[in-house]
Amino acid sequence: MNIALNPANLPVDDNINPYAFCVDLAGEWFMQKGRMIAYYGQIRFNPLNAMDNLHAMVSSQFSSPLYARDWVVASGRGKLVLGDRGFDINSYDLDVGNLTVRAANLLAFSPGLALKQSIVPGFVTLIGTGKFLASSNGPVMFAEPPVRVDPQALLGWADCPSPSHHHDAAWMASFLTAAQGFFGRMSGEERQLDFTGAGTVLLQSSEILLEDPSILQAATAQTNLLTNSQLSSLQRTIAARLQN
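Below, the structure is looked at part by part.

Cut-off values and rules
Residues numbered from 1 in each chain as written. Predicted model: local features only at pLDDT ≥ 70, side-chain atom pairs only at ≥ 80, totals over all residues. Heavy atoms only, no water. Helix = DSSP H or I, 4+ residues; strand = E, 2+ residues; numbered from the N terminus. Contact = heavy atoms within 4.5 Å. Pairing = 2+ DSSP bridges. Salt bridge = Lys/Arg side-chain N within 4 Å of Asp/Glu carboxyl O. Buried < 20%, exposed > 50% of the residue type's maximum accessible area, 1.4 Å probe, protein only. Core = buried A, V, L, I, M, F, W, Y, C linked by side-chain atoms within 4.5 Å. Polar contact = N/O pair within 3.5 Å; in protein donor to acceptor, adjacent residues only side chain to side chain. Patch = residues over 30% accessible without salt bridge, like charges linked within 9 Å, V, L, I, M, F, W, Y side chains within 5 Å. Areas by Shrake-Rupley, 256 points an atom, 1.4 Å probe, with all protein chains shown as cover. Phe/Tyr/Trp six-rings, centres within 6.5 Å; stacked < 30°, edge-to-face > 60°.

**Some remarks on the overall build of the chain**
Stage number 1. Regarding its fold elements, the chain presents five helices and 15 strands.
Stage number 2. Expressed as a percentage of contacts within the chain between residues at least 6 apart in sequence, the contacts between residues at least 24 apart total 78%.

Okay, here's the thing in structure tokens:
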């Protein structure tokens, strides 16, 4: 029989099980909207633009307009339980570090870390010293460069340069495969991300990504730069992708 949770038996900044994590809140944490399961104590959840009394902290620690609407600040004292749709949750400690992580997988982080918008679409960068939580579809694996990885299995990377694209020549030589790639049907065997240099690459044990609404937002914004003929071409590409 499972033991009922209460403030006395909840862990301190640790996993309750593989799918839920308890933050021992004594101040503020940044967290993604919709990730709170339960809490004990006196805790408030405020959008980033409503934090007048913490404006300086928010301004210095969160620098990503693309994702600002998806985040809140949890303030107060108590036990805060977080989860993410039944995915595995892990905590990581950065010590004067630099880590880039897939934005949809980042659940929460302590104010000792600063979040920046990465130049790689769909990713954000954490800089500084502190703890953060990230979800993954299956257990997380760590790899040392040089390594090539499936883009959909990539969770993030620490202390190494951003990856470059690598396209398999045998696949790209095939007209049919090249056409499938044009319509977005490439697999990890056709296109990989190439990591070089020192550092660590984080991989999830699955090729199933969490949906990131901000990717659509960013892509939609870029359509303002397209001409009518380019928009028509894009429309045909999307129609073919949906048909397949």
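**Some thoughts on the pairing of strand β6 (residues 88–102)**
Stage number 1. Judged from the 13 bridges that link them, β6 and strand β9 (residues 123–136) form a sheet pairing that is antiparallel. Bridged to Thr100 within β9 is Thr125.
Stage number 2. Alignment of β6 against strand β12 (residues 154–158), held across three bridges, turns out to be antiparallel. Pairing of Leu99 across the sheet is with Ala158, part of β12.

**Quick word on the pattern of salt bridges**
Stage number 1. In total, this model carries five salt bridges according to the counting rule given.
Stage number 2. Between Asp84 and Arg35 there is a salt bridge, with the nearest N and O atoms lying 3.3 Å from each other. A residue pair is termed long-range when its members are at least 10 positions apart, and Asp84 in the loop between β5 (71–83) and β6 and Arg35 in the loop between β2 (20–32) and β3 (36–47) qualify at 49 residues.
Stage number 3. Judged by its relative accessible area of 1%, Asp84 is buried.
Stage number 4. We note a salt bridge from Arg148 to Asp194, for which the minimum N-O separation is 3.5 Å. You can see Arg148 sitting in strand β11 (residues 147–149) and its partner Asp194 sitting in strand β14 (residues 191–195), a full 46 residues away along the chain.
Stage number 5. Looking at Arg148, the relative accessible area reads 46%, which means it is partly exposed.
Stage number 6. One salt-bridge network, held together by shared partners, links Arg35, Asp84 and Arg85.

**Details of the environment of Arg44**
Stage number 1. Considering the arrangement of structural elements, one finds Arg44 in strand β3.
Stage number 2. Under the relative-accessibility criterion, Arg44 is labelled partly exposed at 49%.
Stage number 3. Residues within four places of Arg44 in sequence aside, it is in contact with Val73, Ala74 and Ser75.

**A few points about the nonpolar core**
Stage number 1. Grouped together as the largest cluster of nonpolar side chains are 26 residues, with contacts concentrated most on Phe30, Phe62, Trp71, Leu106, Phe109, Leu126 and Phe132.
Stage number 2. Among the secondary structure elements, those contributing two or more residues to this core are α1 (55–61), β5, β6, β7 (106–109), β8 (113–117), β9 and β12.
Stage number 3. Residue contacts for Trp71: discarding those within four places in its chain leaves Phe30, Met31, Gln32, Lys33, Pro47, Leu48, Phe62, Leu106, Leu107, Ala108 and Phe109.
Stage number 4. With 14 residues, the next largest nonpolar core counts Phe21, Met31, Leu80 and Leu133 among its residues.

**Remarks on the side chain of Lys79**
Stage number 1. For Lys79, the position within the fold is in strand β5.
Stage number 2. Only 3.5 Å separates the side chain of Lys79 from the backbone oxygen of Pro11, close enough to count as a polar contact.
Stage number 3. When sequence neighbours within four positions are dropped, the list of residues in contact with Lys79 reads Pro7, Leu10, Pro11, Val12, Cys22, Val23, Asp24, Ala38, Tyr39, Tyr40 and Ile43.

**So, a nonpolar patch on the surface**
Stage number 1. On the surface, a nonpolar cluster with roughly 430 Å² of combined accessible area is contributed by Leu226, Leu231, Leu234, Ile238 and Leu242.
Stage number 2. Take Leu234: it is sitting in helix α5 (residues 228–243).
Stage number 3. Here Leu234 falls in the partly exposed class, since its relative accessible area comes to 33%.

**Structural notes on the side chain of Gln192**
Stage number 1. The residue Gln192 is located in strand β14 in this model.
Stage number 2. The contact partners of Gln192, leaving out residues within four places of it in the chain, are Arg148, Val149, Pro151, Ser164, His165 and His166.

**With respect to the environment of Pro146**
Stage number 1. Relative to the helices and strands, Pro146 is located in the loop between β10 (140–143) and β11.
Stage number 2. A C-alpha to C-alpha distance of 9.7 Å links Pro146 and Val201, two positions 55 residues apart in sequence.

**Regarding the environment of Gly130**
Stage number 1. If you trace the backbone, Gly130 turns up in strand β9.
Stage number 2. For the pair formed by Gly130 and Phe109, sequence separation is 21 residues and the distance between their alpha carbons is 7.5 Å.
Stage number 3. Residue contacts for Gly130: discarding those within four places in its chain leaves Tyr92, Asp93, Leu94, Ser110 and Leu113.

**Remarks on the packing of aromatic side chains**
Stage number 1. Following the criterion strictly, the structure yields nine aromatic pairs and no others.
Stage number 2. Ring centres of Trp71 and Phe109 lie 5.5 Å apart, and the angle between their planes is 55°; this geometry places the pair in the tilted category. Of this pair, Trp71 sits in strand β5 while Phe109 sits in strand β7, and the two are 38 residues apart along the sequence. Here Trp71 and Phe109 have matching classes, each one buried.

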